[in-house]
Amino acid sequence: MRRGAEALAAQDIATLRSALMVREHLGFRRASEVLGVNPSVLSRRVLALEDALGVSLFQRSSGGARPTGAGERFLSEVERALELLAKAAVRAGAAGRGEVGRLRLGHVWPVTAGPAEAILRAYRRSARDVELELRGGSAAELVAAVLDRELDAILIDAEDVPAGLDSLSLWSEPWLLARSLEAPDEALGEAPVLCAAGDDWGRIQRLVTDRGGARAGVRVQMTSHDGVLSLVAAGVGHAVAPQSVAQATRAGVAFSPLPGRPATLQIAAAWRNDHDNPALRRFISLLRSTPLDADSVVKPLRAAGGWG
């Protein structure tokens, strides 16, 4: 057995395929015509394989060649092995192109609307066999996860990307003021401004105070953006949110441009340059080749402050 195993490992694939062709065409001459080699060359190849294995693979006669019992068993196993090898090569190529595997993507803002939703749809179309995992969190949490290789890439505010990560600016969208439908014209600062647990509290506070809102009026809620907007709908307070959050919510809330000078959120993708994941490379390539315009995928505001 050891001799046979060692011999099989030493044989090249061309020799094994040659033996399979002899079995398929029941003769060396017909097989040599298909392979485009001299019959004597093909015969020597198979004889060398038989000598290495220590068994006769074919019964030779003037009419051709037929597999022996041992030969049929051996060649059947070889055929299955070569099929597995071919499938492995196809899978390896697909993995190298990022067509299979896993992509772990982190995000601060919802990805169910706006350009982020468009990105995920486009990526899914180009890599249907890639397992896509999403993780929401604060920018600090997501940056730490990328640095620890727990995430492949993150979508965060460009201002939060540290110097140690590669990044790509994707799109910008305006910050909006969310108010209850029962008080759609209530001025900023007349009610507490609520923000979600994962939001940059300091940034929200600056947006509010720069526009005359009370500095002490920003309150962090240990909930999601939808939870915050539900509180706004209930009349608990206001919220400052980017346009994609407004598009994603089902809460009964009136949205309007943030008062004062325009303020925008710049979204960027960030990742480790040394993170060797083909699915990540495919994702970044898609981002580089896809023009993203928030206005083209997010519905415009209605004059009354709601969504059209």
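This text goes with the structure placed above it.
No experiment lies behind these values; they were computed from the predicted model shown.

A count of helices and strands for the chain gives 12 helices and 11 strands. Within the chain, residue pairs in contact and separated by at least 24 positions form 73% of the contacts whose partners lie at least 6 positions apart. Entry remark: accessible area of the chain is about 15900 Å², with carbon and sulfur atoms responsible for 51%.

As a further point, take a nonpolar patch on the surface. On the surface, a cluster of nonpolar side chains totalling about 340 Å² of accessible area is made up of Trp-201, Val-220 and Met-222. By the element assignment, Trp-201 lies in helix H8 (residues 201-209).

Attention now moves to the environment of Ala-127. By the secondary structure assignment, Ala-127 is in the loop between helix H6 (114-126) and strand S4 (129-136). The buried category is assigned to Ala-127, whose relative accessible area is 2%. Separated by 155 residues in sequence, Ala-127 and Arg-282 have C-alpha atoms that sit 8.5 Å apart.

Next up on the list: helix H2 (residues 13-25). Here H2 is 13 residues long and its end C-alpha atoms lie 18 Å apart, about the 18 Å a rise of 1.5 Å per residue gives. Within the span of H2, buried status applies to Thr-15, Leu-16, Ser-18, Ala-19, Leu-20, Met-21, Val-22 and Arg-23. Positive phi shows up at Leu-26, right after H2, with a value of about 55°.

Our focus in this paragraph is the packing of H2 against helix H3 (residues 28-35). The relative placement of two packed helices is expressed as an angle between their axes plus a distance between the axes. Viewed as axis vectors pointing N to C, H2 and H3 meet at an angle of 125°, and their least axial separation amounts to 8 Å. Comparing their axes, H3 and H2 come out oblique. For the crossing formed where H2 meets H3, the hand is right-handed. Across the interface between the two elements, Ser-18, Met-21, Val-22 and His-25 from H2 touch Phe-28, Arg-30, Ala-31, Val-34 and Leu-35 from H3.

The subject of this paragraph is the packing of H6 against helix H11 (residues 278-289). Close contact between H6 and H11 brings their axes to 10 Å; oriented N to C, the two are set at 125°. Looking at the two axes, H6 sits oblique to H11. Taken as a pair, H6 and H11 cross one another with a handedness that is right-handed. Residue-level contacts link Ile-119, Ala-122, Tyr-123 and Ser-126 of H6 to Ala-279, Arg-282, Phe-283, Leu-286 and Leu-287 of H11. Residues belonging to the contact of H6 with H11 are distributed by class as follows: 7 nonpolar, 1 polar and 1 charged.

Grouped together as the largest cluster of nonpolar side chains are 64 residues, with contacts concentrated most on Leu-170, Trp-175, Val-240 and Phe-283. Considering every element that reaches this core, the biggest residue donor is strand S6 (residues 166-180), with 7 residues. If you look at the next biggest cluster of nonpolar residues, it comprises 18 residues, including Ala-19, Met-21, Ala-65 and Phe-74.

Another aspect to go through is H8. Within the span of H8, buried status applies to Gly-202, Arg-203, Ile-204, Gln-205, Leu-207 and Val-208. Structurally, the start of H8 carries an N-cap: the backbone nitrogen of Gly-202 is 3.1 Å from a side-chain oxygen of Asp-200.

With that out of the way, let us pick up the environment of Thr-15. Summarising the element assignment, Thr-15 is placed in helix H2. Assessed through its relative accessible area of 10%, Thr-15 is described here as buried. On a C-alpha basis, the gap between Thr-15 and Ala-48 in space is 9.2 Å, while along the polypeptide they are 33 residues apart.

The next subject is the packing of aromatic side chains. In total, this model carries 3 aromatic pairs according to the counting rule given. Relative to Trp-175, the ring of Trp-109 has its centre 5.6 Å away and its plane inclined at 80°; by these criteria the two rings are edge-to-face. A residue pair is termed long-range when its members are at least 10 positions apart, and Trp-109 in the loop between strand S3 (100-107) and H6 and Trp-175 in strand S6 qualify at 66 residues. In this structure Trp-109 comes out as buried when scored by relative accessible area, which is 10%. On the basis of relative accessible area, Trp-175 is assigned to the buried category, the value being 5%. Where Tyr-123 meets Phe-283, the ring centres are 5.4 Å apart and the plane angle is 85°; that geometry is what we call edge-to-face. Here the residue Tyr-123 occupies a position in helix H6, and Phe-283 occupies one in helix H11, the gap between them amounting to 160 residues. Phe-283 carries the same exposure label as Tyr-123, and that label is buried.

About the criteria used
- Residues numbered from 1 in each chain as written.
- Predicted model: local features only at pLDDT ≥ 70, side-chain atom pairs only at ≥ 80, totals over all residues.
- Heavy atoms only, no water.
- Helix = DSSP H or I, 4+ residues; strand = E, 2+ residues; numbered from the N terminus.
- Contact = heavy atoms within 4.5 Å.
- Areas by Shrake-Rupley, 256 points an atom, 1.4 Å probe, with all protein chains shown as cover.
- Patch = residues over 30% accessible without salt bridge, like charges linked within 9 Å, V, L, I, M, F, W, Y side chains within 5 Å.
- Salt bridge = Lys/Arg side-chain N within 4 Å of Asp/Glu carboxyl O.
- Buried < 20%, exposed > 50% of the residue type's maximum accessible area, 1.4 Å probe, protein only.
- Expected span 1.5 Å × (residues − 1).
- Axes fitted to C-alpha atoms, helices over the stretch in contact; angles between N-to-C directions.
- Parallel < 35°, antiparallel > 145°, perpendicular 65-115°, else oblique.
- Left-handed = near helix turned anticlockwise from the far one by under 90°.
- Nonpolar A, V, L, I, M, F, W, Y, C, P; charged D, E, K, R; others polar.
- Core = buried A, V, L, I, M, F, W, Y, C linked by side-chain atoms within 4.5 Å.
- Polar contact = N/O pair within 3.5 Å; in protein donor to acceptor, adjacent residues only side chain to side chain.
- Phe/Tyr/Trp six-rings, centres within 6.5 Å; stacked < 30°, edge-to-face > 60°.

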